[in-house]
Amino acid sequence: SSDRDQNAEGLDRVQGIHDFIYEKETFIIPTNDRNFTKFVSIQPRFYQAALFMTAAGSNYNCMPCKSALAAYEEMAFHYNSQYDFLITPMEHRMAFFVVDVDKARQAFKDMDLETVPRVFVLPAVSTDDGTYFNVKKNAKEMNTHALLDTMSVLLKELENVSGVKVEPKVSPFPAVF
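Draft legend 1. Fine view of the side chain of Q48. On the secondary structure map, Q48 appears in strand β2 (residues 48–54). The buried category is assigned to Q48, whose relative accessible area is 6%. Dropping the residues within four chain positions of it, Q48 is found in contact with M90, E91, R93, M94, A95, V121, L122, P123, A124, S162 and V164.

Draft legend 2. Just the nonpolar core, in detail. By size, the foremost hydrophobic cluster in this structure holds 30 residues, and its most contacted members are I17, Y47, L51, M53, F97, V99 and M111. Counting residues per element, the ones that place at least two in this core are α1 (3–24), α2 (33–41), β2, β3 (94–100), α4 (105–111) and β4 (118–122). If sequence neighbours within four positions are ignored, M53 has contacts with V99, F108, M111, L113, V116, P117, R118 and F120. Judged by nonpolar contacts, the second largest core, of 26 residues, contains I28, A68, A76 and V121.

Draft legend 3. Main features of the side chain of R118. Along the chain, the position of R118 falls in strand β4. Not counting residues within four places of it along the chain, the set of residues in contact with R118 comprises L51, F52, M53, L113, E141 and T144.

Draft legend 4. Highlighting α1. Taking 1.5 Å as the rise per residue, α1 with 22 residues should run 32 Å; its terminal C-alpha atoms sit 31 Å apart, in good agreement. Along α1, the residues classified as buried are Q6, G10, R13, V14, I17, H18 and I21. Mapping the buried residues of α1 onto a view down its axis gives an arc of 125 degrees, with all of them on the same face. Relative to its buried face, α1 has exposed residues pointing more than 90 degrees away, namely R4, D12, E23 and K24. Its buried side turned inward, α1 meets β1 (28–31), α2, α3 (63–82) and β3. Following α1 by one or two positions, E25 has its phi on the positive side, about 55 degrees.

Draft legend 5. View of the pairing of β4. Of all 5 residues making up β4, 5 are buried, and the element is well covered by its neighbours. Side chains R118, F120 and L122 of β4 all project onto a buried face; the interleaved residues V119 and V121 project onto the opposite face, where all are buried too. With 5 bridges connecting them, β2 and β4 associate as antiparallel partners. Looking across to β4, one finds that A50 is bridged to V121.

Draft legend 6. Quick peek at the environment of L11. Residue position: L11 is located in helix α1. L11 gets classed as partly exposed once you look at its relative accessible area, which sits at 48%.

Draft legend 7. A look at the packing of α3 against helix α6 (residues 151–162). At a minimum axis separation of 10 Å, α3 and α6 run at an interaxial angle of 70 degrees. It follows that α3 is roughly perpendicular to α6 by the angle criterion. In this structure, the crossing between α3 and α6 has a hand that is right-handed. Note on element contacts: α6 touches α3 through M151, L154, L155 and L158, opposite A71, E74, M75 and H78. Its residues assigned to classes, the contact of α3 with α6 comprises 6 nonpolar, 1 polar and 1 charged.

Draft legend 8. The arrangement of the state of the cysteines in detail. In this structure the tally under the stated criterion is 1 disulfide. Between C62 and C65 runs a disulfide, and the two sulfur atoms are separated by 2.2 Å. The disulfide joining C62 to C65 has a torsion of about 80 degrees about its S-S bond and is therefore right-handed. Comparing C62 with C65, the two get one shared label, buried.

How each quantity is defined
Residues numbered from 1 in each chain as written. Predicted model: local features only at pLDDT ≥ 70, side-chain atom pairs only at ≥ 80, totals over all residues. Heavy atoms only, no water. Helix = DSSP H or I, 4+ residues; strand = E, 2+ residues; numbered from the N terminus. Buried < 20%, exposed > 50% of the residue type's maximum accessible area, 1.4 Å probe, protein only. Contact = heavy atoms within 4.5 Å. Core = buried A, V, L, I, M, F, W, Y, C linked by side-chain atoms within 4.5 Å. Expected span 1.5 Å × (residues − 1). Arc of directions from axis to C-beta. Pairing = 2+ DSSP bridges. Axes fitted to C-alpha atoms, helices over the stretch in contact; angles between N-to-C directions. Parallel < 35°, antiparallel > 145°, perpendicular 65-115°, else oblique. Left-handed = near helix turned anticlockwise from the far one by under 90°. Nonpolar A, V, L, I, M, F, W, Y, C, P; charged D, E, K, R; others polar. Disulfide = S-S within 2.5 Å.

Written out as structure tokens, the structure reads:
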């Protein structure tokens, strides 16, 4: 396909993620092998892809994954409270995916993963060089321990890996005791 077609497909994926986030009122996009290919592997990808690799599904019930997922979801919330997915420049635009081994076995196999939870960030890719995007080779891994630390530490780790600065925001909901 032509560069123009690929560009249009890349922009369609950006719009699709934006629509999903607002329709579902979530900042986390669940994946399976099919939409992993569509939203993560295929080029061009006009956004960075954060991948939370987990085994929290019914087959494995990974308890550390569930704790870490809560921190990942909060990180996505902070990002999305400060950046508008549609208009943010590509290098700072970030989509947050959850990849569960039960639903995305091929993605796990491609990345050669045996331990979870893990978080990877893939850079945005503006052109398609004709090769299948090598997720494992291009992924930068976040320090998993940051998921169990304070939000400030986690957001700093996100910035270290992605170059995207996110400020920790105080919850708009007052604590009620």
